[in-house]
Amino acid sequence: MLTTLDNIPASDPLANAEQKQRIDGILDGYKDLPGGLMVVLNELQSQIGFISEPMQAYVAERLQVPVSTVHGVVTFYSFFTTTPRGKHTVKFCMGTACYVGGTPQIIEKAKQVLGIEPGQTTSDGMITVELCRCVGACSQAPVVVVDEESHGRVRPNKLPQILRPLQEPK
Ligand code: FES
């Protein structure tokens, strides 16, 4: 069941006057543009950092499109997130070469080490785990991308070594 605007949690950007103003500014700026939905969502992701379910409902109302359409776009593109991303993002390549080369086993290891599934963020807000498409380094499969840095030929037992520095607050 998708969230409606009747019950916005206090932690939501829509409940914060300053952030609400930014959201309204984005909507006012792009709502009449053809294909404005994608532009609005891109701006919300970049400026607010994520697109919560109440924000999706608000965008739908303001742009007069079904909430299911907004939700569909947000969940289809991995660039969009519905919760804030962690300080670091760890992406596992799901392209064919990496998948066949062992990405599923690395993901299993990540679940054991971090206790989260792809699409989730650790409770300390340090690491978000995501899946991605081929990053063009197939000869290095399986590839794990940490923030902007690619690590190739990653074996599950090497993953803790890659994750450890990310788990320490600097
Ligand atoms: S399949 Fe992973 S880099 Fe191409």
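Remember, predicted model here, so these are calculated numbers, not experimental data.

**Some points on the overall build of the protein**
Inference 1: When helices and strands are counted, the protein shows seven helices and four strands.
Inference 2: In the protein, the succession of α and β elements from N to C terminus is α-α-α-α-β-α-α-β-β-β-α.
Inference 3: Considered along the principal axes of its C-alpha atoms, the protein spans approximately 50 × 35 × 30 Å.
Inference 4: Relative to its full complement of 170 residues, the protein shows a buried share of 38%.
Inference 5: A fraction of 62% describes how many contacts in the protein between residues 6 or more apart in sequence connect residues 24 or more apart.
Inference 6: Accessible surface for the protein amounts to roughly 9500 Å². Of this, 51% is attributable to carbon and sulfur atoms.
Inference 7: Each charge sign in the protein was given a centre, from 15 positive and 17 negative side chains, and these centres are 11 Å apart.

**Considering the domain arrangement of the protein**
Inference 1: For the protein, the domain assignment lists domain 1 (13-76) and domain 2 (88-167).
Inference 2: The gap between the C-alpha centroids of domain 1 and domain 2 is 29 Å.

**Some details on the side chain of Thr-81**
Inference 1: Here Thr-81 lies in the loop between helix H4 (67-76) and strand S1 (88-93).
Inference 2: Relative accessible area serves as the criterion here: at 10%, Thr-81 is assigned to the buried category.
Inference 3: A distance of 3.2 Å separates a polar atom in the side chain of Thr-81 from the backbone oxygen of Thr-83.
Inference 4: Residues contacting Thr-81, with those up to four places away along its chain left out, are Gln-45, Gly-49, Phe-50, Ile-51 and Glu-130.

**A word on the side chain of Thr-89**
Inference 1: In this fold, Thr-89 is placed in strand S1.
Inference 2: Among all residues touching Thr-89, those that are not within four sequence positions of it are Thr-128, Glu-130, Val-145, Val-146 and Asp-147.

**What about the packing of aromatic side chains?**
Inference 1: Tallied over the entire structure, the rule returns three aromatic pairs.
Inference 2: With a centroid separation of 5.0 Å and an interplanar angle of 85°, the aromatic rings of Phe-76 and Tyr-77 are classed as edge-to-face.
Inference 3: Judged by relative accessible area, Phe-76 falls into the exposed class, the value being 54%.
Inference 4: Here the aromatic residues Phe-76, Tyr-77, Phe-79 and Phe-80 are joined through ring pairs into a cluster of three or more.

**Considerations on helix H6 (residues 103-114)**
Inference 1: Taking 1.5 Å per residue as the helical rise, H6 with its 12 residues ought to reach 16 Å, and the 16 Å between its terminal C-alpha atoms agrees with that figure.
Inference 2: Within H6 the residues assigned to the buried category are Thr-103, Ile-106, Ile-107, Ala-110 and Leu-114. When H6 is viewed along its axis, its buried side chains cluster within an angular range of 100° and face the same direction.
Inference 3: Elements that come into contact with the buried residues of H6 comprise S1, helix H5 (96-101), strand S2 (127-132), strand S3 (144-146) and helix H7 (159-167).
Inference 4: Just downstream of H6, Gly-115 is the residue with a positive phi angle, here 70°.

What counts, and where the lines are drawn
Residues numbered from 1 in each chain as written. Predicted model: local features only at pLDDT ≥ 70, side-chain atom pairs only at ≥ 80, totals over all residues. Heavy atoms only, no water. Helix = DSSP H or I, 4+ residues; strand = E, 2+ residues; numbered from the N terminus. Buried < 20%, exposed > 50% of the residue type's maximum accessible area, 1.4 Å probe, protein only. Contact = heavy atoms within 4.5 Å. Areas by Shrake-Rupley, 256 points an atom, 1.4 Å probe, with all protein chains shown as cover. Lys, Arg positive; Asp, Glu negative; His and termini not counted. Charge placed at Lys NZ, Arg CZ, Asp CG, Glu CD. Domains from an automatic or database assignment. Polar contact = N/O pair within 3.5 Å; in protein donor to acceptor, adjacent residues only side chain to side chain. Phe/Tyr/Trp six-rings, centres within 6.5 Å; stacked < 30°, edge-to-face > 60°. Expected span 1.5 Å × (residues − 1). Arc of directions from axis to C-beta.

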